[in-house]
Amino acid sequence: DQQVKQNSPSLSVQEGRISILNCDYTNSMFDYFLWYKKYPAEGPTFLISISSIKDKNEDGRFTVFLNKSAKHLSLHIVPSQPGDSAVYFCAASAGTDKLIFGTGTRLQVFP
Amino acid sequence: EAQVTQNPRYLITVTGKKLTVTCSQNMNHEYMSWYRQDPGLGLRQIYYSMNVEVTDKGDVPEGYKVSRKEKRNFPLILESPSPNQTSLYFCASSSLAGATDTQYFGPGTRLTVL
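Conventions adopted
- Residues numbered from 1 in each chain as written.
- Chains lettered and ligands numbered in written order.
- Predicted model: local features only at pLDDT ≥ 70, side-chain atom pairs only at ≥ 80, totals over all residues.
- Heavy atoms only, no water.
- Buried < 20%, exposed > 50% of the residue type's maximum accessible area, 1.4 Å probe, protein only.
- Helix = DSSP H or I, 4+ residues; strand = E, 2+ residues; numbered from the N terminus.
- Pairing = 2+ DSSP bridges.
- Contact = heavy atoms within 4.5 Å.
- Buried area = accessible area lost by both parts, 1.4 Å probe.
- Salt bridge = Lys/Arg side-chain N within 4 Å of Asp/Glu carboxyl O.
- Nonpolar A, V, L, I, M, F, W, Y, C, P; charged D, E, K, R; others polar.

Draft legend 1. Representation of the pairing of strand S11 (residues 105-110) of chain A within the structure. Residue and element names in this part refer to chain A. Residues Thr 105, Leu 107 and Val 109 of S11 are buried on one face, while the alternating residues Arg 106, Gln 108 and Phe 110, pointing to the opposite face, are not. Of the strand pairs in this sheet, strand S2 (residues 10-14) and S11 are connected by five bridges, and their pairing is parallel. Bridging from a neighbouring strand, Ser 10 pairs with Arg 106 of S11. Pairing analysis gives three bridges linking strand S9 (residues 86-93) to S11, with the strands arranged antiparallel.

Draft legend 2. Broad picture of the interface of chain A and chain B. The partner chain B presents 22 residues to the 21 residues of chain A that form the contact. Carbon and sulfur atoms make up 61% of the area that chain A and chain B hide from each other, which totals about 1,600 Å². When the buried surface of chain A facing chain B is broken down by residue, Pro 44, Lys 98 and Phe 101 of chain A rank first, second and third, together holding 31% of it. Along the contact surface separating chain A from chain B lie zero salt bridges. If you list the elements that add at least two residues to the side of chain A that touches chain B, you get strand S4 (32-38), S9 and strand S10 (100-101) of chain A. Among the elements that make up the side of chain A that touches chain B, the one with the highest residue count is S4 of chain A (four residues). Classifying every residue of the side of chain A that touches chain B gives ten nonpolar, seven polar and four charged.

The structure is reproduced here in structure tokens:
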């Protein structure tokens, strides 16, 4: 049973436009959410996180939105750059429990 | 430089031939874990360790063993590899368990079992 779902396996966006990556979860006990970014031949690297007490967290071009009632998380990248082309994983955790990862979305930003 | 290293990076082996993938971190982290990444399934945790000599099963532990004799090292052992263990493996470490502390991942080991 996939507790964290990323329903779009891929997304293609033009440079300069907004990229929106979505993530849905089923476990209402999740209270911390993260996005990791993965380039080919490298391990995932932490990008941005949000606690369940917030509904938005911003870091430069990256903003994460959390809608607890809908159990939905999204990552906005504005403006998108070619260097943002990577696989993005969302992940969630309940308390100090382990991270549960989604299946990933491959973002391609074209000129 | 703070990092998690894994060796080997690529490995092709045959069914039943025991192998070990090493993982080492230089950040004095308490928590270490192993994940496998498969198409359409994302990252799934195999085993984790809260500290030296303390290990526990993750979501997909069958066919794997681990040990944590030293804080910095967390090897993944496949006693009798099978083709369904063909995957991309990542080791990760963090100061604390859980999501509130950033996990640092190694570069990955691509394993093919024939």
